[in-house]
Amino acid sequence: VSMECKDGYTQLNQYRLKEDIGQGSYGIVKLAYNEEDDIHYAMKILSKKKLMKRAGLYGRPAPVRFLSAQGPAQMCSVSGLPQQTAAQQQQQQPCVLSRRPLTAAASVGRVMMPRSASAAGRIPSSSHGSRNSVTAAWNERSQNPMDQIRREVAILRKLDHPNVVKLVEVLDDPDDDHLYMAFELLEKGEILQVPTDTPLEEHVARAYFRDIVLGLEYLHFQKIIHRDVKPSNLLLGNNGRVRVADFGVCNEFHGSDALLSNTAGTPAFIAPEALMQRRGMYSGKAADVWSLGITLYAIVFGDVPFRDDNILALYSKITSQPLQFPSAFNVSEDLKDLISRMLTKDPSLRITVPEIKEHPWVTS
Ligand SMILES: COc1ccc(C(=O)/C=C\Nc2cc(OC)c(C(=O)O)cc2Cl)cc1
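The structure presented is a predicted model; accordingly, all values stated were derived computationally and were not measured. (Residues numbered from 1 in each chain as written. Predicted model: local features only at pLDDT ≥ 70, side-chain atom pairs only at ≥ 80, totals over all residues. Heavy atoms only, no water.)

*Asks:* I'd like a rundown of the packing of helix 6 (residues 284-301) against helix 8 (residues 333-342), residues and numbers included.
*Replies:* In contact at an axis separation of 8 Å, helix 6 and helix 8 are set at 145 degrees when each is read in the N-to-C sense. At the point where helix 6 passes helix 8, the crossing takes the left-handed sense. Two secondary-structure elements touch here, helix 6 through V289, W290, L292, G293, L296, Y297, V300 and F301 and helix 8 through L335, L338, I339 and M342. By residue class, the composition of the contact of helix 6 with helix 8 is 11 nonpolar, 1 polar and no charged. (Axes fitted to C-alpha atoms, helices over the stretch in contact; angles between N-to-C directions. Helix = DSSP H or I, 4+ residues; strand = E, 2+ residues; numbered from the N terminus. Left-handed = near helix turned anticlockwise from the far one by under 90°. Contact = heavy atoms within 4.5 Å. Nonpolar A, V, L, I, M, F, W, Y, C, P; charged D, E, K, R; others polar.)

Here it is in structure tokens:
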């Protein structure tokens, strides 16, 4: 992997890295021009050091930071959480968990709550929320983040479906702190930035939704739970087709469903059963359906159904607040019926992917 600068651009083997086109808890995504085939790709760039720090396995633990698209990262004291603006919450910007106990789950962006964290977000004193809770979370998935990345790459390599992103190449130079993942470029990017005053019309939402359901059905068939379905992980190509992206917190399972116990994903999209006080194991497939329901609601109404600047209030709404539709929108009864069935709080009563495929709104 040779890195050099050519008139301001970074050259990475045959790829010329250009502007940033994506950003998230994982790192950044840059537009990359491949000089060998004269084609543009999406180059996801991960920092190994950052990954190791996040897992508390490398040097000083990363401080708890809230990276928001707007302002600079603000340090937050462990005792209290900074009030996140709703927009920041929606920016789904990441929060980096440190080894130190969090009084409440970080409200913005994707969180990996150690198994021991209760819905209150407070990590019970018994676990001290120190290394053991973070490594408890990682143990659930793997000993260290490089294994996690290797698993993510192994999963991506085996996936081949029109509604799942296509990993083309991985560039990993042991001497370079960065890991590069080249994906086929989906030229139009995220299907919708939420919140927005200009949500999708029903027929557009239906076309995208059909693609996403087929992608999710394929993942579940491949025994993978995505665990972070949300608009920013749904990418649109010039051909009008949508692909599911970002397998950074996905789970592989054996048998007919994953039985999950930790909490992962983006707060506004996390299923109620994953947040219950005395939660047992819960179905991975049903939790993906919930996130898909929040996503469908958001692309049609322009915002998520449950939102609060305070993470604990948000979790309380997700688990207890009845679903409401904004009266200002005139959407079909079929669509409201489908969303209601996907956002049924009891996972055992929630609609399943096969049933979604047969729903009148999807087939109409
Ligand atoms: C406006 O034009 C735009 C065209 C393309 C993009 C774009 O591609 C953004 C993110 N891309 C990705 C992110 C991923 O994870 C977080 C993964 C993955 O790990 O699966 C794969 C891809 Cl491709 C953005 C704007």
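*Asks:* Residues and numbers for the packing of aromatic side chains, please.
*Replies:* Enumeration over the complete set of coordinates arrives at 7 aromatic pairs. An angle of 20 degrees between the planes, with centres 5.9 Å apart, marks the rings of Y297 and F325 as stacked. With a gap of 28 residues between them, Y297 in helix 6 and F325 in the loop between helix 7 (311-320) and helix 8 connect regions that are remote in the sequence. Taking relative accessible area as the criterion, Y297 reaches 5% and is therefore assigned buried. Exposure remark for F325: the relative accessible area of 25% places this residue in the partly exposed category. Three or more aromatic residues joined by ring pairs make a cluster, and in this case those are Y297, F301, F325 and F329. The lysine or arginine in question, K44, covers the ring of Y26, its NZ or CZ lying 4.9 Å from the ring centre. (Phe/Tyr/Trp six-rings, centres within 6.5 Å; stacked < 30°, edge-to-face > 60°. Buried < 20%, exposed > 50% of the residue type's maximum accessible area, 1.4 Å probe, protein only. Lys NZ or Arg CZ within 6 Å of the ring centre and 35° of its normal.)

*Asks:* For the site of the ligand, give the residues involved together with the corresponding values.
*Replies:* Around the ligand sit 15 residues, and of these I21, Y26, K44, L186 and D246 come closest. Of the residues in the shell around the ligand, the class split is 10 nonpolar, 1 polar and 4 charged. (Near = heavy atom within 4 Å.)

*Asks:* Tell me what's going on with the sheet that holds strand 14 (residues 234-236), and back it up with residues and numbers.
*Replies:* An order of 12-14-15 is seen for the 3 strands of this open sheet, with the pairing classed as antiparallel. Strands with a single pairing partner mark the edges of an open sheet, and in this sheet they are strand 12 (189-190) and strand 15 (242-244). Where strand 12 meets strand 14, 2 bridges bridge the pair, whose relative direction is antiparallel. Within the sheet, the bridge partner assigned to E190 lies in strand 14 and is L235. This element, helix 5 (residues 202-221), spans strand 14 and strand 15 of the sheet and lies at about 30 degrees to strand 15. (Pairing = 2+ DSSP bridges.)

*Asks:* Lay out the nonpolar core with the relevant residues and their values.
*Replies:* In this structure, F209 and L296 are the most contacted members of the largest nonpolar core, which totals 77 residues. Per-element accounting of this core gives the leading share, 11 residues, to helix 6. The contacts of L296, once residues within four sequence positions are left out, are F209, L335, L338, I339, M342 and W361. In this structure, L17, A32, M43 and A182 belong to the second largest nonpolar core, which totals 10 residues. (Core = buried A, V, L, I, M, F, W, Y, C linked by side-chain atoms within 4.5 Å.)

*Asks:* Go over unusual backbone geometry, please, and point to the residues and values.
*Replies:* A negative phi holds for most residues other than glycine; trans holds for most peptide bonds. The omega torsion across V194 and P195 is 0 degrees, close enough to zero to call that bond cis. Among the structural elements, P195 can be located in the loop between strand 12 and helix 5. A positive phi angle is found at K223, which is not glycine, with a value near 65 degrees. Structurally, K223 is set in the loop between helix 5 and strand 13 (224-225). Using a relative accessible area of 33% as the deciding quantity, one classes K223 as partly exposed. Its identity as a non-glycine residue notwithstanding, D246 has a phi of 70 degrees, on the positive side.

*Asks:* Let's hear about the environment of L156: which residues, and what values?
*Replies:* Relative to the helices and strands, L156 resides in helix 4 (residues 145-158). Leave out the neighbours within four places in its chain, and L156 touches V165, L167, M181, F183 and F247.

*Asks:* Can you break down empty space enclosed by the protein residue by residue, with the values?
*Replies:* A complete count under the given rule lists 5 cavities of 30 Å³ or more for this structure. Looking at the second largest cavity, its volume works out to about 110 Å³. R227, A264, I270, A287 and S291 are, among the 16 residues lining the second largest cavity, the residues nearest its centre. At the level of elements, strand 18 (263-265) and helix 6 are the ones that each hand at least two residues to the lining of the second largest cavity. (1 Å grid on protein atoms, 1.4 Å probe; cavity = no way out; pocket = protein on both sides within 12 Å on 5 of 7 lines; lining within 4 Å. Points joined across faces, edges and corners; volume = space filled by probe spheres on them.)

*Asks:* Would you mind going over the confidence of the model for the protein chain in detail, with residue names and values included?
*Replies:* Summary statistics for the protein chain give a mean pLDDT of 81 and a share of 74% for residues scoring 70 or more. Low confidence marks residues 65-108, where pLDDT is under 50. Its contacts with residues over four positions away, or in another chain, come to 135 contacts. Predicted confidence for residues 114-141 stays below pLDDT 50, and this span has 73 contacts to residues more than four positions away or in other chains. For this predicted complex, the interface confidence comes out at an ipTM of 0.99, alongside a pTM of 0.80. (pLDDT = per-residue confidence, 0-100.)

*Asks:* I'd like to hear about the pairing of strand 5 (residues 39-47), residue by residue, with values.
*Replies:* With 7 of 9 residues buried, strand 5 is to be regarded as a mostly interior element. Pairing between strand 4 (residues 27-34) and strand 5: 7 bridges, direction antiparallel. Each residue of the ladder has a partner; that of V29, found in strand 5, is K44. Connecting strand 4 to the next strand, strand 5, in antiparallel fashion are 4 residues, including D38 with a positive phi near 55 degrees. With 7 bridges joining them, strand 5 and strand 11 (residues 178-184) adopt antiparallel strand pairing. Along strand 11, the bridge assignment pairs K44 with M181.

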